Amino acid sequence: MTALHKQLHKQSIENPNAFWAEAAKSLVWDKPFDSVLDDQHAPMYRWFSGGELNTCYNAVDRHIEAGRGEQIALQYVSPVTDTQYGITYNELLAQVSRLAGYMASQGVEKGDRVVIYMPMIPETAYAMLACARLGAIHSVVFGGFAANELATRIDDAKPKMILSASCGIEPSGVVPYKPLLDEALRQAKHQVSSCLILNRPQLDAELQSGRDVDWQSAMAGAPNIACQQVAATDPLYVLYTSGTTGQPKGVVRDNGGHAVALSWSMKHIYNIEAGDVFWAASDVGWVVGHSYIVYGPLLVGATTVLFEGKPVGTPDPGTFWRIIAEHKVKSFFTAPTAIRAIKRDDPDGEYLNGVDLSHLGTVFLAGERCDPDTLHWAEQKLNKPVIDHWWQTETGWPVAANLMGVAPVPVKAGSPALAVPGYNVQVVDEMGKSVAANQTGNVVIKLPLPPGTLTTLWQNEARYKDSYLSMYPGFYLTGDAGYMDEEGYLYIMSRIDDVINVAGHRLSTGRFEEVLCQHEAVAEAAVIGAADKLKGQVPLGLVVLKKGCTLTDEQLYKELIALVREQIGPVAAFRLVSAVPKLPKTRSGKILRGTMRKIADNQTFNMPATIEDPQTLELVRNALTRMGYADAHV
Ligand code: COA
Ligand code: AMP
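The sections below set out a description of the structure shown in this document. (Residues numbered from 1 in each chain as written. Chains lettered and ligands numbered in written order. Predicted model: local features only at pLDDT ≥ 70, side-chain atom pairs only at ≥ 80, totals over all residues. Heavy atoms only, no water.)

## Structural notes on the overall build of the chain
Part 1: A tally of regular secondary structure across the chain gives 18 helices and 32 strands.
Part 2: Dimensions of the chain, computed from C-alpha atoms along their principal axes, come out at roughly 70 × 60 × 60 Å.
Part 3: Expressed as a percentage of the 634 residues in the chain, the buried residues total 60%.
Part 4: Here the analysis covers contacts within the chain between residues at least 6 apart in sequence; of these, 70% occur between residues at least 24 apart.
Part 5: Accessible area for the chain stands at about 23,900 Å²; split by element, carbon and sulfur atoms hold 49% of it.
Part 6: Placing the 56 positive and 68 negative side-chain charges of the chain at their respective mean positions leaves the two points 3 Å apart. (Helix = DSSP H or I, 4+ residues; strand = E, 2+ residues; numbered from the N terminus. Buried < 20%, exposed > 50% of the residue type's maximum accessible area, 1.4 Å probe, protein only. Contact = heavy atoms within 4.5 Å. Areas by Shrake-Rupley, 256 points an atom, 1.4 Å probe, with all protein chains shown as cover. Lys, Arg positive; Asp, Glu negative; His and termini not counted. Charge placed at Lys NZ, Arg CZ, Asp CG, Glu CD.)

Here is the structure:
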């Protein structure tokens, strides 16, 4: 039953030029490309060199020309503000071309960066598409990040303009965004001359005269602007993601390869074509939001649902199911953690009673490992195929998946299925040698990566090569460990680096440690991701104190938790920290985070041969037990 999938995969690997040239026909090109795969500067591969197109034209204008102007392009559903409305392709074009016109009047040009720090509202999608229309490079920053994280990204991207809103709405209430933006601009070395601020009805932002402009007033007098012709290899966006250090990585996505790969994935993986309704319940601040709330569905002329709310509590665990029914969603994408939250609040699926899910074809899960219990619960309650698939910010679209549109394969719980066409995925040992079936190793992808994947890191080709290409020359290092069974099904088990995954959000333990060490009482810190029933992982902090700390434990922990929230943001979900006299390290001074994680999760482990002081593990175990982890004895 896997034959058709494997045949497509084989074609894509053996003849990528023919495979992707065929896929590229689904788009409108302003200038045909000279080559499909350009390997002149390998390992810096490029796709569709010489070609020109505009991503916004392909996602908006051309659907109107094809008669879809009155179809809903974007369905906004916001239980947190009790609002919902649809935006047709005609209306979307009007909004986007006017916003682009305003930005152009302020001097934003092809190649300029624009930072977007906004909540889940339609204007955020307009902002991204307006940048694409001008050939400007957007960099969306997730709203749950603190001012400091925003400042770091502003300094790296050096935007000409920033687009933001007065507030986001969380279940806890209105979250003002503008003070965070002001603080970020105070901290950043790079300064912008213009910020466009959308005032939401829930909160009026204070505008700084000379710099901040009210969105509605700006739009009132703005001219419409046509699409710029953009090189396929020009960047469409930069999206920052966590690496192993505190400095985030600016993943660069091009225009041509991105549009081709996403369009291909909509039909082949998600079974979505023009006129269908697709919903990815994520946030535009993450890659899922870029690829599958905004670009993917619009590139193929589908309707996309933009949801401002949570799986539970807005107002109840039936929200997802009611929206799917009301808007006739055909394919639905969410994170396993969202399903776990629903399962926790509605274990028997009572909120599904009387809800008509007849239009729903498939549920897709990604963002973190999907445990078989969660998968089975969703399958049983929804009575629909539930498909785990695996990818990352860097790849921009799925690496391993079940091709539900053209060649579905049987589901194996715990596996995101087979490598997607275009990706030559292998599992290797430390020396780069392929391991046998069912043996765990590092998951790598043989170069070239397919279209739509990262082309480099923003202004940092050296870090790109060092992070991803240097460990195994000729291969891309995914940073994940796992295995492949005899049939080629992949199992992604864990990260090999210090990246953790909290509720589908990717965070760097190195960044947590940097922040903890800013506290005057802290000499040293280690943060690990411990297993959590709801969020997959949660961060646990261990700190070694400087001599003479006069704070009580309670005061100190409160301050440390507040510091992380202030510096990284609420999304860090950092709530547990404990002091230890000493951290477990190797004799060369490397902190043994992997061993600590195993202790926290009650897994068996071998005493590391190079440990400097075995006693430290006992100290850590006591601290982890105090935090509610590590019940078993070392
Ligand atoms: N702007 C401002 N604050 C935000 C935010 C945003 N865009 N997103 C999250 N936050 C805040 C939350 O308000 C919360 O703050 P609090 O500490 O004051 O309560 C904190 O960040 C953590 O939020 P969240 O991750 O949503 O955790 P939660 O405990 O409130 O909810 C879940 C748990 C499982 C319901 C939630 O994590 C969830 O919906 N996860 C799905 C994630 C997802 O779709 N990921 C996509 C990747 S594919
Ligand atoms: P992000 O870049 O934030 O999308 O995070 C990507 C990382 O999340 C991957 O490298 C994996 O570690 C993890 N991940 C995403 N999807 C899956 C999945 N389906 N199964 C296992 N891990 C996943």
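## Observations regarding the side chain of Glu 123
Part 1: Mapped onto the fold, Glu 123 is located in helix H5 (residues 122-134).
Part 2: Arg 200 is the oppositely charged side chain nearest to the buried, salt-bridge-free Glu 123, at an N-O distance of 6.8 Å. (Salt bridge = Lys/Arg side-chain N within 4 Å of Asp/Glu carboxyl O.)

## Observations concerning the sheet that holds strand E26 (residues 475-484)
Part 1: Strands sit in the order E23-E24-E26-E27 across an open sheet of 4 strands; the sheet is antiparallel. Looking at strand neighbours, the two that pair on one side only are strand E23 (424-428) and strand E27 (490-495), the edges of this open sheet. For this sheet, the mean inter-axis angle between neighbouring strands, taken without regard to orientation, is 50°.
Part 2: The pairing of strand E24 (residues 441-446) with E26 spans 5 bridges and is classified as antiparallel. Directly across from Ile 445, in E26, lies its bridge partner Tyr 476. (Pairing = 2+ DSSP bridges. Axes fitted to C-alpha atoms, helices over the stretch in contact; angles between N-to-C directions.)

## Section: the packing of aromatic side chains
Part 1: In this structure the tally under the stated criterion is 33 aromatic pairs.
Part 2: Both rings, one in Tyr 468 and one in Tyr 476, keep their centres 5.2 Å apart while their planes meet at 15°; by these two values the pair is stacked.
Part 3: Taking relative accessible area as the criterion, Tyr 476 reaches 0% and is therefore assigned buried.
Part 4: The cationic tip of Arg 153 hangs over the ring face of Phe 145; the distance from NZ or CZ to the ring centre is 4.5 Å. (Phe/Tyr/Trp six-rings, centres within 6.5 Å; stacked < 30°, edge-to-face > 60°. Lys NZ or Arg CZ within 6 Å of the ring centre and 35° of its normal.)

## Points about the site of ligand 2
Part 1: The environment of ligand 2 is formed by 14 residues, the closest being Asp 388, His 389, Thr 393, Asp 480 and Arg 506.
Part 2: Here a nitrogen atom of ligand 2 and a side-chain polar atom of Asp 388 are 2.8 Å apart.
Part 3: At 2.7 Å, a side-chain N or O of Arg 506 approaches an oxygen atom of ligand 2.
Part 4: For ligand 2, whose free accessible area comes to 490 Å², the fraction covered by protein is 92%. (Near = heavy atom within 4 Å. Polar contact = N/O pair within 3.5 Å; in protein donor to acceptor, adjacent residues only side chain to side chain.)

## Structural notes on the pairing of strand E30 (residues 522-532)
Taken residue by residue, a regular strand's side chains alternate between the two faces of the sheet.
Part 1: In terms of strand pairing, E30 meets strand E31 (residues 536-545) through 10 bridges, oriented antiparallel. Each residue of the ladder has a partner; that of Asp 532, found in E31, is Gly 536.
Part 2: If you look at the hairpin formed by E30 and E31, you'll find 3 residues sitting between the two strands.

## Observations concerning unusual backbone geometry
Part 1: Ala 42 connects to Pro 43 through a cis peptide bond whose omega is 10°.
Part 2: Counting through the fold element by element, Pro 43 comes out in the loop between strand E1 (37-38) and strand E2 (46-47).
Part 3: Residue Pro 448 follows Leu 447 across a cis peptide bond; omega there is 0°.
Part 4: By secondary structure assignment, the location of Pro 448 is in the loop between E24 and strand E25 (456-457).
Part 5: The phi torsion at Asp 82 lies on the positive side, around 55°, for a residue other than glycine.
Part 6: Along the polypeptide, Asp 82 turns up in the loop between strand E4 (72-78) and strand E5 (83-88).
Part 7: For Asp 82, a relative accessible area of 72% puts it in the exposed group.
Part 8: In this structure, Gln 459 takes a positive phi of about 55° despite not being glycine.

## Focus: the side chain of Asp 388
Part 1: Assignment of secondary structure puts Asp 388 in strand E20 (residues 386-388).
Part 2: Among all residues touching Asp 388, those that are not within four sequence positions of it are Leu 365, Cys 370, Leu 375, Gly 414, Ser 415 and Pro 416.

## Some details on the site of ligand 1
Part 1: If you check the shell around ligand 1, you find 22 residues, and the closest are Glu 170, Lys 310, Lys 535, Arg 565 and Arg 575.
Part 2: Between ligand 1 and Ala 281 there is a distance of 3.4 Å, counted from an oxygen atom to a backbone nitrogen or oxygen.
Part 3: A distance of 2.7 Å is found between an oxygen atom of ligand 1 and a side-chain nitrogen or oxygen belonging to Arg 565.
Part 4: Bound to the protein, ligand 1 loses 83% of the 940 Å² it would expose on its own.
Part 5: Two domains share the shell around ligand 1, each providing at least three of its residues, namely domain 1 (2-309 + 389-483) and domain 2 (503-626). (Domains from an automatic or database assignment.)

## A closer look at the pattern of salt bridges
Part 1: Summed over all chains, the structure comprises 31 salt bridges.
Part 2: A salt bridge links Arg 153 to Glu 149, with the nearest nitrogen and oxygen atoms 2.8 Å apart. Placement of the pair is Arg 153 and Glu 149 together in helix H6 (residues 147-157), with a separation of 4 residues, close to one helical turn. With respect to burial, Arg 153 and Glu 149 carry one shared label: buried.
Part 3: Residue Asp 212 is joined to Lys 178 by a salt bridge in which the shortest nitrogen-to-oxygen separation is 2.7 Å. Of this pair, Asp 212 sits in strand E12 (residues 212-214) while Lys 178 sits in helix H7 (residues 178-187), and the two are 34 residues apart along the sequence.
Part 4: Several salt bridges converge on common partners, so that one network encompasses Glu 149, Arg 153, Arg 511 and Glu 514.

## A few points about the packing of helix H3 (residues 55-65) against helix H4 (residues 89-105)
Part 1: Running from amino to carboxyl end, H3 crosses H4 at an angle of 130°, the nearest separation of the two axes being 9 Å. It follows that H3 is oblique to H4 by the angle criterion. The handedness of the crossing between H3 and H4 comes out as left-handed. Of H4, the residues touching H3 (which contributes Cys 56, Ala 59, Val 60, Asp 61, His 63 and Ile 64) are Tyr 89, Asn 90, Leu 92, Leu 93 and Val 96.
Part 2: In terms of residue class, the contact of H3 with H4 is built from 8 nonpolar, 2 polar and 1 charged. (Parallel < 35°, antiparallel > 145°, perpendicular 65-115°, else oblique. Left-handed = near helix turned anticlockwise from the far one by under 90°. Nonpolar A, V, L, I, M, F, W, Y, C, P; charged D, E, K, R; others polar.)

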